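What follows is each chain in one-letter form.
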Amino acid sequence: MDLNLGENEILKARIKQLELAMDVMVHSSSFLLPYNPAEETRYALVVLNQNLPRFTPLLWEHATLRLCADGGANRIYDELPLFFPHEDASSIRNRYKPDVIKGDMDSIRRDVLDFYVSLGTQVIDESHDQDTTDLDKCILYIRDSASNLESSRFQILATGALGGRFDHEAGNLNVLYRYPDTRIVLLSDDCLIQLLPKNHLHELHIQSSLEGPHCGLIPIGTPSAKTTTSGLKWDLSNTEMRFGGLISTSNLVKEEKITVESDSDLLWTISIKKTGLPLENNTP
Amino acid sequence: MDVMVHSSSFLLPYNPAEETRYALVVLNQNLPRFTPLLWEHATLRLCADGGANRIYDELPLFFPHEDASSIRYRYKPDVIKGDMDSIRRDVLDFYVSLGTQVIDESHDQDTTDLDKCILYIRDSASNLESSRFQILATGALGGRFDHEAGNLNVLYRYPDTRIVLLSDDCLIQLLPKNHLHELHIQSSLEGPHCGLIPIGTPSAKTTTSGLKWDLSNTEMRFGGLISTSNLVKEEKITVESDSDLLWTISIKKTGLPLENNTP
């Protein structure tokens, strides 16, 4: 994929301009780009215990920090080699080494744990703490690594947070609500989800070769009395949204810039395209 | 206080038909492994659009020693309904030739495929004479999150209809507010992992019994406490809340037969 440097410069200037203004948040899924402008999109990757999305190698390559939450380490060990069928599994495992494995350790296999320990991965056993989810534990660890958060644009990307048991999924969605000041993106093969905190003007810059057009705004947790959008097929205009009534699903992005403003925390979700997404870094 | 009794007896291999009459709706995701069992005992079997592709392609896989064609003849939907943008032409033609009723709603883009099926079932009034009639739906979870949210919203929009969403891993149903709910747990088939989720609006007061971590006039909200990774301890769970809650419980991987084994 060609990176249009002119557009990138315009985006950077716009971001600087907006961040000087109060209460505007700019969002971009540039972490899905094959060539990642490292300065803008520094992120930590957290791998949870579900099948790895097909773009996991790409996310892994550019991550500042790579964590496995408990059984997520089994997934890296077992499934990453499958993305590279022509390479030796062992060399893939040595190459894709997590920095940290954290969690209550009730899912990780003994052989997987021993392997990564031998490679130098830091293992933090939190089995004494049953009050927080594995994703919670990883978020807390990342936040405690203060230097990562100096940039307000630092993100935490998590794979494997969706699907499986619904109470797990709900707990992971709740993590987004409980850390509204932290940019956390949940990713699956089919879509991404992020929180748009209330009372901010949100600008979503759509990477149309990689995401969309299917999208939605979901008032999880509490109804919204007034939400206003631009750039969608079915825009909202001071529209009320609530479970039991209208929520915005099966919407479509029409513009490359979407704006959202709401009196309530909303989940933004957009589909991820099956084609056009490289599996790994292709530095042009 | 109105009492609602809930039971997952539709997961039992021998199904006491009178208590658990239900319609089955198959949506467009991988079929859970107990789909043949649910199909056998259903009063009515609907495929929502691409759900028909799933029945056609995946049901034979549950019966590897049988001829795919004979499986397809045996597992014939009564109705295929939806906007028809996912169903394959060959699948549609096949079921039409078998006599399946096809209801093309492609003109209606305002409701989801699950919505359309719920409306169809409710319009078949005789099914609803029993207050215990249920609608079971597979394939409503996973995939695109906006689809999943829309399907969860269907539970909230039809609070008087007993709808259960099922996947390989769990089931979800609405517990309408201001009722006393009794959940009878089939412990060989479901649990112990469970949760109570205030998806649409916070709950000021929820009280439960029978769980590992019971609630007692406890507040629940997104951004704060919600009940996840809880465990059922008793065979009867009670829940009472001022807010509509989603109840979810895990489905066991073992001990669940794939099809009917009449004792």
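Note that the structure is a prediction, hence the values are computed from the model and not measured. (Residues numbered from 1 in each chain as written. Chains lettered and ligands numbered in written order. Predicted model: local features only at pLDDT ≥ 70, side-chain atom pairs only at ≥ 80, totals over all residues. Heavy atoms only, no water.)

Caption draft 1: Here's a closer look at the domain arrangement of chain B. Residues and elements named next belong to chain B. Each domain of chain B was delimited in the assignment, giving domain 1 (16-168) and domain 2 (170-255). Together domain 1 and domain 2 conceal approximately 1,100 Å² of surface at their shared face, both sides included; 62% is due to carbon and sulfur atoms. Our enumeration of links across domain 1 and domain 2 arrives at zero salt bridges. Summed over the shared surface of domain 1 and domain 2, the number is four residue pairs in polar contact (both at pLDDT 80 or more). Put simply, the parts of the chain that give the side of domain 1 that touches domain 2 at least two residues each are helix H6 (145-157) and strand E7 (162-166). With four residues, the top contributor of residues to the side of domain 1 that touches domain 2 is E7. (Domains from an automatic or database assignment. Buried area = accessible area lost by both parts, 1.4 Å probe. Salt bridge = Lys/Arg side-chain N within 4 Å of Asp/Glu carboxyl O. Polar contact = N/O pair within 3.5 Å; in protein donor to acceptor, adjacent residues only side chain to side chain. Helix = DSSP H or I, 4+ residues; strand = E, 2+ residues; numbered from the N terminus.)

Caption draft 2: Spotlight on the interface of chain B and chain A. The partner chain A presents 35 residues to the 35 residues of chain B that form the contact. Surface buried jointly by chain B and chain A totals about 2,700 Å² across both partners, of which 66% is contributed by carbon and sulfur atoms. Three residues, Arg144(B), Phe145(B) and Phe222(B), lead the burial of chain B against chain A; their summed loss comes to 25% of the area buried on that side. The tally of links between chain B and chain A comes to zero salt bridges. (Contact = heavy atoms within 4.5 Å.)

Caption draft 3: Region of the structure containing the UniProt feature "domain: Thiamin pyrophosphokinase thiamin-binding" (unreviewed entry) in chain B. With numbering matched to this structure, UniProt assigns "domain: Thiamin pyrophosphokinase thiamin-binding" (unreviewed entry) to residues 179-245 of chain B. Along residues 179-245 of chain B, the helical share is 0% and the strand share 54%, with 11 Å between the first and last C-alpha atoms. (UniProt positions renumbered as here; feature names shortened; annotations may be inferred.)

Caption draft 4: Main features of the nonpolar core. Counting residues in hydrophobic clusters, the biggest one holds 70 residues, and the most contacted among them are Val46(A), Leu186(A), Leu267(A), Val25(B), Leu165(B), Ile199(B) and Leu246(B). Other than its neighbours up to four places away in sequence, Val46(A) contacts Leu67(A), Ala69(A), Leu135(A), Cys138(A), Ile142(A), Ile156(A), Leu157(A), Ala158(A) and Thr159(A). Judged by nonpolar contacts, the second largest core, of 46 residues, contains Tyr43(A), Ala73(A), Phe115(A) and Leu204(A). (Core = buried A, V, L, I, M, F, W, Y, C linked by side-chain atoms within 4.5 Å. Buried < 20%, exposed > 50% of the residue type's maximum accessible area, 1.4 Å probe, protein only.)

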